[in-house]
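Close look at the chain arrangement
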Amino acid sequence: MNLQQLRSLREAARQHYNLTEVAQVLHTSQPGVSRQIRELEDELGIALFRRAGKRLVGLTAPGERLLPIIERLLHSTEQLKRAGHDYARERTGRLTVAATHSQARYALPHAVRDFRVGQPDVQLLLRQGSPQQVARWLLDGQADIGIATEALAQHASLATLPCYRWTHLVLVPPGHPLDRHDGAELTLHELAAYPLISYEPGFTGRSHIDAAFDAAGLRPEFALVAMDADVIKTYVQLGLGVGIIAAVAYDPQRDAPLQALEARHLFEPNLTRLAVRRDALLRDIDYAFIAAFAPPLTRAVVRAALDADASVAG
């Protein structure tokens, strides 16, 4: 049994059993991939794939059970190789951070700046995607650190650490009826009377927005949804609706003349989390970035969280 056989199985599952694409990913030939798969099946003494003629169409039951084991083996092997390489180069290497757009745009810049000052020889790669993509990149070993509000805590293979809490606010254009300056708190019923512009479901605390309206028995009209707070602000300024965005995304000077209305009493606060794989072999540069983003998450705190996860899993 060799690593190339294991990689062939993993990539076949990832590429939906298209061996041409598997061969491209592994920089080999399609017959070579087929041979590696056959040899692995022969060595294990079981069929790992369901076939229609010569074409792979899915995993067998044993294949489904073995795939997570193979993924863990390959991830550990890749981490071992990378750790040896990085330790040999000391404070250099490559760090991949995956985050949602809101985190990358509003929460990460200062951390990235501070990290770059302290680690000038590290190549930092920032990937942006949905919370689900951030989780998947971590699970697939395509990112070292993930940062998001949604989704990360849903995966047992990820260790998640709380970073900071944040709230939403409401945005209206100048002269809007909701911007009444009478000191009265905004209500959900008032908000629901207008078309709303906010985040797509699954992004930037949208679940708490929906939960608040549901609990009040309200079904507001979302005239437009987007992943990006800047897009939301643009269409609020055009008068297409009332915006609901993360408070951190609002800057009174930059976003003038839009008016921000307090909404922390309307929607539950949100918790941004940082995640790594539970089986991750963290390097000095990983710890350095985590501390730059969330100073309370010291090496000792992160290590204790990973050790706790390991004891629970055991």
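Here goes a summary of the coordinates provided. (Residues numbered from 1 in each chain as written. Predicted model: local features only at pLDDT ≥ 70, side-chain atom pairs only at ≥ 80, totals over all residues. Heavy atoms only, no water.)

Focus: the packing of aromatic side chains
- Summed over the entire model, instances satisfying the criterion amount to four aromatic pairs.
- With centroids separated by 5.4 Å and ring planes inclined at 70 degrees, the aromatic side chains of Phe115 and Phe289 adopt a geometry described as edge-to-face. Of this pair, Phe115 sits in helix α6 (residues 109–118) while Phe289 sits in helix α11 (residues 284–293), placing them 174 residues apart in sequence. Across the pair, Phe289 and Phe115 agree in class, each one buried.
- Ring centres of Tyr164 and Phe293 lie 6.3 Å apart, and the angle between their planes is 65 degrees; this geometry places the pair in the edge-to-face category. You can see Tyr164 sitting in strand β6 (residues 158–166) and its partner Phe293 sitting in helix α11, a full 129 residues away along the chain.
- Given a relative accessible area of 26%, Tyr164 falls into the partly exposed group.
- The exposure class of Phe293 is buried, given its relative accessible area of 11%.
- Over the aromatic face of Trp137 sits the side chain of Arg127, whose NZ or CZ is 4.1 Å from the ring centroid.
- Its guanidinium or amino end placed over the ring of Phe222, Arg206 lies 3.9 Å from that ring's centre, counting from NZ or CZ. (Phe/Tyr/Trp six-rings, centres within 6.5 Å; stacked < 30°, edge-to-face > 60°. Helix = DSSP H or I, 4+ residues; strand = E, 2+ residues; numbered from the N terminus. Buried < 20%, exposed > 50% of the residue type's maximum accessible area, 1.4 Å probe, protein only. Lys NZ or Arg CZ within 6 Å of the ring centre and 35° of its normal.)

Here we look at the side chain of Gln103
- Examined against the element boundaries, Gln103 turns out to sit in helix α5 (residues 101–107).
- Given a relative accessible area of 4%, Gln103 falls into the buried group.
- Once residues within four sequence positions are removed from consideration, Gln103 is found in contact with Leu108, Pro109, Ile147, Ala148, Thr149, Tyr164, Thr272 and Phe293. (Contact = heavy atoms within 4.5 Å.)

A look at the pattern of salt bridges
- Throughout the structure, instances matching the rule amount to 20 salt bridges.
- Of the charged contacts, one joins Glu11 and Arg14 as a salt bridge, the two residues approaching to 3.4 Å between their closest N and O atoms. Of this pair, Glu11 and Arg14 both sit in helix α1 (residues 3–14), three residues apart, roughly one helical turn.
- Here Glu11 falls in the buried class, since its relative accessible area comes to 5%.
- In the salt-bridge network here, residues are joined through shared partners; they are Arg10, Glu11, Arg14, Glu78, Arg136 and Asp140. (Salt bridge = Lys/Arg side-chain N within 4 Å of Asp/Glu carboxyl O.)

Side note on the packing of α6 against α11
- Two elements in contact, α6 and α11, have axes separated by 8 Å at closest approach and are oriented at 140 degrees. By the angle between their axes, α6 is oblique relative to α11. Handedness of the crossing formed by α6 with α11: right-handed. Judged by residue contacts, Ala111, Val112 and Phe115 of α6 engage Ile285, Ala288, Phe289, Ala292 and Phe293 from α11.
- In terms of residue class, the contact of α6 with α11 is made up of eight nonpolar, no polar and no charged. (Axes fitted to C-alpha atoms, helices over the stretch in contact; angles between N-to-C directions. Parallel < 35°, antiparallel > 145°, perpendicular 65-115°, else oblique. Left-handed = near helix turned anticlockwise from the far one by under 90°. Nonpolar A, V, L, I, M, F, W, Y, C, P; charged D, E, K, R; others polar.)

So, the sheet that holds strand β5 (residues 145–148)
- Reading across the sheet, the five strands line up as β4-β3-β5-β12-β6 and stay open at both edges, with mixed pairing between neighbours. Both outer strands of the open sheet, β4 (122–128) and β6, are each paired with one neighbouring strand and no more. Put simply, the sheet's adjacent strands are angled 20 degrees from each other on average, direction ignored.
- The pairing of β6 with strand β12 (residues 270–277) spans eight bridges and is antiparallel. By the bridge assignment, Leu158 is partnered in β12 with Arg277.
- Seen against the sheet, helix α7 (residues 131–139) touches β3 (93–99), β4, β5, β6 and β12 and runs at an angle of roughly 165 degrees to β5. (Pairing = 2+ DSSP bridges.)

Observations concerning the nonpolar core
- The biggest cluster of nonpolar side chains holds 27 residues, and the ones touching the most others in it are Leu95, Ile145, Ile147, Leu274, Phe289, Phe293 and Val302.
- Looking at this core, the elements with two or more residues in it are β3, α5, α6, β5, β6, β12, α11 and α12 (299–313).
- No other element matches α11, which puts five residues into this core.
- Among residues more than four places away in sequence, those in contact with Phe293 are Gln103, Ala107, Leu108, Ala111, Ile147, Cys163, Tyr164 and Leu274.
- Counting 19 residues, the second-largest nonpolar core is a separate cluster that includes Leu9, Leu19, Leu48 and Leu59. (Core = buried A, V, L, I, M, F, W, Y, C linked by side-chain atoms within 4.5 Å.)

As for the environment of Thr167
- Take Thr167: it is sitting in the loop between β6 and β7 (168–172).
- Judged by its relative accessible area of 18%, Thr167 is buried.
- For the pair Thr167 and Val231, spaced 64 residues apart in sequence, the C-alpha separation works out to 19 Å.
- If near-sequence neighbours (up to four positions away) are discounted, Thr167 is found in contact with Ile245, Ala246, Ala247, Arg264, Pro269 and Asn270.

Without other data, these values stay purely geometric and don't point to any function.
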